[in-house]
Amino acid sequence: MKKYLLIVVSLLVFTIEAAAQNSTKRALAKVDSALSARYYRKGAIDTAYVVRPETKWTVRARLNVSGANIETKRTENGSPFKSEMEADKKTTLSVGVTYLGVSLNVALNPAKLMGKYHDYELNLNCYGRRFGFDVAYQDAKNFTGWYDQKGMGRITLPDGVLSVKTLNVNAFYVFNNRRFSYPAAFSQSYIQRRSAGSFLLAASGQGQNAKVDGEQMIKFKMTNIGLGAGYGYSFVPGKGWLLHISALPTLIVYSHTSMTVDDNRVPMHYHFPEAIITGRGAVVRQWSNKFIGLSSVYHFTNIGDEDDLAVHNTKWRVRAFFGLRL
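Below, the structure is looked at part by part. Keep in mind that this is a model prediction, so the values were computed, not measured.

### Concerning the overall build of the chain
At step 1: Regarding its fold elements, the chain presents three helices and 18 strands.
At step 2: Looking at the chain as a whole, 41% of its 326 residues qualify as buried.
At step 3: If you take every contact in the chain between residues at least 6 apart in sequence, the share linking residues at least 24 apart comes to 68%.
At step 4: Approximately 18100 Å² of the chain is accessible, and the part contributed by carbon and sulfur atoms is 62%.

The structure is reproduced here in structure tokens:
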């Protein structure tokens, strides 16, 4: 009797496992079908200009380098003042896998692991066919540089004097999204077959909180929101090549800036034109199932007046990449 019961239980376990495996396979097949239908949907694009890669998988390796620079100018009682501060450059290595447009990436900062880089930085980007955005956040305490004031000469500012928290955001909308592809240049989830350009709508934002802990305690805060339009062009000079460039200037429509020196408030006023400008560029070469390239994103903010205080912020990122489509 026990023998028959053991056989029955074994058959039930086997049946349940087989049913579970079949259920999992059906669920995975449905997910794959849904992703494939979305990924290879051709009605939304002009395939004479833009196509999806024929393969489902993409594996890529990236080398990312980013940096930031702050420049200030001021003329007080006929005495000009100028300073330039630069943060340590950040370098990361990353690998990623994409399946039908769904990606997973892992990044590593060698300098951070060795204790040579102490700042915190986060970069997020999404390049869709119609919409896209870049987000860059940096919490940096390793700015070094100098300031120059008439009668005092150039004075070096060491590491640790200036600490800055900065958030840069740029979002865009592509009008000619059936023929012009941002993803072809920046995520390689499309392939640009023929040259095309597009007008772009853009919205930008920047928030910054800076503190100088030197002979004087200086605190600086600003929030800026800009709206504008730009243009992007992707040039295909030959089979397998893509050269991209775009510029999105936005005029600041909302600005709130404040500065205190040893708890004494320094008045700051809006000075037209104040702007946030985002530029992007890329070079991509692909052959067979391989691709290699270089891309860059550049944020520049201009606020204030030199008679009061002018602040120029620069944030940039350069990325080299190599990938395989499988």
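### Brief notes about the pattern of salt bridges
At step 1: Tallied over the full model, the rule gives eight salt bridges.
At step 2: Across the salt bridge formed by K73 and E71, the nearest N and O atoms sit 3.8 Å from each other.
At step 3: A network of salt bridges, in which partner residues are shared, links D134, R280 and R317.

### Here we look at the packing of aromatic side chains
At step 1: Counted by the stated rule, this structure contains twelve aromatic pairs.
At step 2: Ring geometry for F180 against Y182: centres 5.5 Å apart, planes inclined by 80 degrees, an arrangement best described as edge-to-face.
At step 3: On the basis of relative accessibility, which here comes to 1%, the residue Y182 falls in the buried class.
At step 4: Geometrically, the ring pair formed by Y182 and F186 is tilted, given 5.7 Å between the ring centres and 40 degrees between the ring planes. Residue Y182 and its partner F186 are located together in helix 3 (residues 182-186), separated by four residues, close to a single helical turn. Each member of the pair, Y182 together with F186, is buried.
At step 5: Following the ring pairs from residue to residue traces out a cluster consisting of Y127, F172, F180, Y182 and F186.
At step 6: When the ring centre of Y190 is taken as reference, the NZ or CZ atom of R52 above it lies at 4.0 Å.
At step 7: The cationic tip of R194 hangs over the ring face of Y49; the distance from NZ or CZ to the ring centre is 4.7 Å.

### Description of the environment of L324
At step 1: Inspection of the secondary structure assignment puts L324 in strand 18 (residues 309-325).
At step 2: On the basis of relative accessibility, which here comes to 29%, the residue L324 falls in the partly exposed class.
At step 3: Between the C-alpha atoms of L324 and V59, which are 265 residues apart in sequence, the distance is 5.2 Å.
At step 4: When residues no more than four places from it in sequence are discounted, the contact partners of L324 are W57, T58, V59, N289, K290 and F291.

### Description of the pairing of strand 14 (residues 241-261)
At step 1: As judged from the 16 bridges shared by strand 13 (residues 217-235) and strand 14, these two strands associate in the antiparallel manner. Looking across to strand 14, one finds that I218 is bridged to V261.
At step 2: Adjacent in sequence and paired antiparallel, strand 13 and strand 14 are bridged by five residues, among which G240 carries a positive phi angle near 90 degrees.
At step 3: Alignment of strand 14 against strand 16 (residues 275-287), held across eleven bridges, turns out to be antiparallel. Within strand 16, the residue paired with H244 across the bridge is A282.
At step 4: Pairing of strand 14 with strand 15 (residues 264-266), which is carried by three bridges, proceeds in the antiparallel orientation. Paired with V261 across the two strands is N264, which belongs to strand 15.
At step 5: Hairpin connection from strand 14 to strand 15: two residues lie between these consecutive antiparallel strands, with D262 at a positive phi of about 50 degrees.

Analysis parameters
- Residues numbered from 1 in each chain as written.
- Predicted model: local features only at pLDDT ≥ 70, side-chain atom pairs only at ≥ 80, totals over all residues.
- Heavy atoms only, no water.
- Helix = DSSP H or I, 4+ residues; strand = E, 2+ residues; numbered from the N terminus.
- Buried < 20%, exposed > 50% of the residue type's maximum accessible area, 1.4 Å probe, protein only.
- Contact = heavy atoms within 4.5 Å.
- Areas by Shrake-Rupley, 256 points an atom, 1.4 Å probe, with all protein chains shown as cover.
- Salt bridge = Lys/Arg side-chain N within 4 Å of Asp/Glu carboxyl O.
- Phe/Tyr/Trp six-rings, centres within 6.5 Å; stacked < 30°, edge-to-face > 60°.
- Lys NZ or Arg CZ within 6 Å of the ring centre and 35° of its normal.
- Pairing = 2+ DSSP bridges.

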